[in-house]
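For reference, the chains in residue letters:
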Amino acid sequence: MNNYSEEVLIELAVRNDDQHAFGQLVKQHQSTIRNSLRQLSNWNEALADDLAQETFIQAYKKLHQFNSKAKFSSWLYRIAYNQFLQHCRKNQAQKNAADLEPLEDHELAHQGATSTAEQAENQLQTQLAALLSEIEPERRSVLHLLLYRQCTQQEIANILSLPLGTVKTHINRGRAELQKKLAHWQD
Amino acid sequence: MTTIGLTIISFMNQFTGKNLTPEQLDQQLDQLFARAVQTEPVLSDDNFTKVVLNRLPAKPKRRDHKRYFPDLLGLMIGLLVASLVIEPAQLMQKILAYVPETIVISPANVLSLAMGLSAMALLAWWTVERNN
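Residues numbered from 1 in each chain as written. Chains lettered and ligands numbered in written order. Predicted model: local features only at pLDDT ≥ 70, side-chain atom pairs only at ≥ 80, totals over all residues.

If you tally the helices and strands in chain A, you get 9 helices and 0 strands. For chain A, the succession of helices and strands along the chain, N to C, is α-α-α-α-α-α-α-α-α. Out of the 187 residues belonging to chain A, those deemed buried represent 36%. Nonlocal contacts in chain A, meaning residues at least 24 apart in sequence, comprise 59% of its contacts between residues at least 6 apart. (Helix = DSSP H or I, 4+ residues; strand = E, 2+ residues; numbered from the N terminus. Buried ≥ 20, exposed ≤ 12 C-beta atoms within 10 Å, placed from the backbone. Contact = placed C-beta atoms within 7 Å.)

Summing up its helical and strand segments, chain B has 6 helices and 0 strands in all. Of the regular secondary structure in chain B, the N- to C-terminal order runs α-α-α-α-α-α. Burial analysis of chain B (132 residues in total) assigns 5% to the buried set.

All names here are of chain A. Taken N-terminus to C-terminus, the directions of helix 3 (residues 45-62) and helix 4 (residues 72-94) make an angle of 125°; their axes are 9 Å apart at the nearest point. The angle between helix 3 and helix 4 falls in the class oblique. As helix 3 packs across helix 4, the resulting crossing turns out to be right-handed. Contacts between helix 3 and helix 4 pair Leu51, Ala52, Glu54, Thr55, Gln58 and Ala59 from the former with Leu76, Ile79, Ala80, Gln83, Phe84 and His87 from the latter. Residue composition of the contact of helix 3 with helix 4, by class: 7 nonpolar, 4 polar and 1 charged. (Axes fitted to C-alpha atoms, helices over the stretch in contact; angles between N-to-C directions. Parallel < 35°, antiparallel > 145°, perpendicular 65-115°, else oblique. Left-handed = near helix turned anticlockwise from the far one by under 90°. Nonpolar A, V, L, I, M, F, W, Y, C, P; charged D, E, K, R; others polar.)

Leu37, Ala80 and Ile156 of chain A are the most contacted members of the largest nonpolar core, which totals 46 residues. Contacts of isoleucine 156 of chain A, omitting those with residues within four sequence positions, involve Val142, Leu145, Leu146, Cys151 and Val167 of chain A. (Core = buried A, V, L, I, M, F, W, Y, C linked by C-beta atoms within 7 Å.)

All names here are of chain A. Orientation of helix 2 (residues 19-40) relative to helix 4, taken along the N-to-C sense of each, is 35°, at an axis distance of 11 Å. At the point where helix 2 passes helix 4, the crossing takes the right-handed sense. Of the residues in helix 4, those in contact with His29, Ile33, Ser36, Leu37 and Leu40 of helix 2 are Ser73, Leu76, Tyr77, Ala80 and Phe84. Tallied by class, residues from the contact of helix 2 with helix 4 come to 7 nonpolar, 3 polar and no charged.

Our next topic: helix 3 of chain A. Because an α-helix completes one turn every 3.6 residues, residues spaced three or four positions apart along the sequence face the same direction. Along its 18 residues, helix 3 of chain A runs 25 Å from first to last C-alpha, staying within 8% of the 26 Å computed at 1.5 Å per residue. Within helix 3 of chain A the residues assigned to the buried category are Leu47, Ala48, Asp49, Leu51, Ala52, Gln53, Glu54, Thr55, Phe56, Ala59 and Tyr60 of chain A. Buried positions along helix 3 of chain A lie against helix 2 and helix 4 of chain A together with helix 3 (48-55) of chain B. (Expected span 1.5 Å × (residues − 1).)

Residue and element names in this part refer to chain A. When pLDDT is averaged along chain A, the result is 85, and 83% of the positions lie at 70 or above. By mean pLDDT, the top-scoring element of chain A is helix 3 (95), and the lowest-scoring one is helix 5 (residues 105-110) (43). Low confidence marks residues 103-111, where pLDDT is under 50. Its contacts with residues over four positions away, or in another chain, come to 8 contacts. (pLDDT = per-residue confidence, 0-100.)

Before going further, it helps to examine unusual backbone geometry. Unlike most non-glycine residues, asparagine 42 of chain A shows phi in positive territory, near 60°. Among the secondary structure elements, asparagine 42 of chain A is positioned in the loop between helix 2 and helix 3.

All names here are of chain B. Averaged over all residues, the pLDDT of chain B is 82; the fraction at 70 or higher stands at 82%. Averaged over each element, pLDDT in chain B is lowest for helix 1 (residues 8-13) (69) and highest for helix 3 (94). The model gives residues 1-5 a pLDDT under 50, and that stretch makes 11 contacts with residues more than four places away or in other chains. This prediction of the complex comes with two scores: 0.68 for pTM and 0.81 for ipTM.

Given below as structure tokens:
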């Protein structure tokens, strides 16, 4: 089953309800989805993994709706960003920012990063996540897709179901915000 | 690894003292994120896939029309044969003969009807729960 293409695995999961095939799809995409959600959630690993699990469960439920001509990773991103935005809306309603609090440096040093090189790599990732966390969730998702996933504006509009004009506005204003914040960090 | 020890501050320090245009500031931002993309960690699966698979809901079986086709064909043939063999007027008379001319509703009848309905509801609930 490891050698099957993505299309075949999707077909097996939809037609035969083959959970092993779906498991292969999860294995192939878990790293990028979890990384994206970590970036968006200010590197809160537990929250990001919970949202990633929910993303794959939703994907399994809606797999029969997936258009085989579309890109599977983009479809997964769409579900993941919806999960993230849904979580933010819930949090906003409860005014509970605890979930999106960054992890302390000493915590990060213990979690997963085994060597100095890995810790240094993690440092850049976590700092960028902290930088992005200062921007409102929808704009943050747009900037993440543009700068981190290097999607085109049209792809971002499709993934987030936003009008192209809104995406462009988010990009222009988001870039300006990021530059201001970077300058502030430098000071 | 070229990015060991790289932080936002160390990256930004390369540009200190330079008057950057808005386009250059955009490029600077792109470069910073490009570095992050290059060093994006590949997360090991550990038990992630297993946890997801354990949490997957059971999908309801979808009706397969091909599988039901022989049953449907058998039913049609049966109805056709029955309509040829059985006289409809005679059949109706025989069925009506079973209907009583008067119906008496006593408390015992109501009680047994209620018990029957309760038993059927319980059976339906148990069947649904067992399937879940």
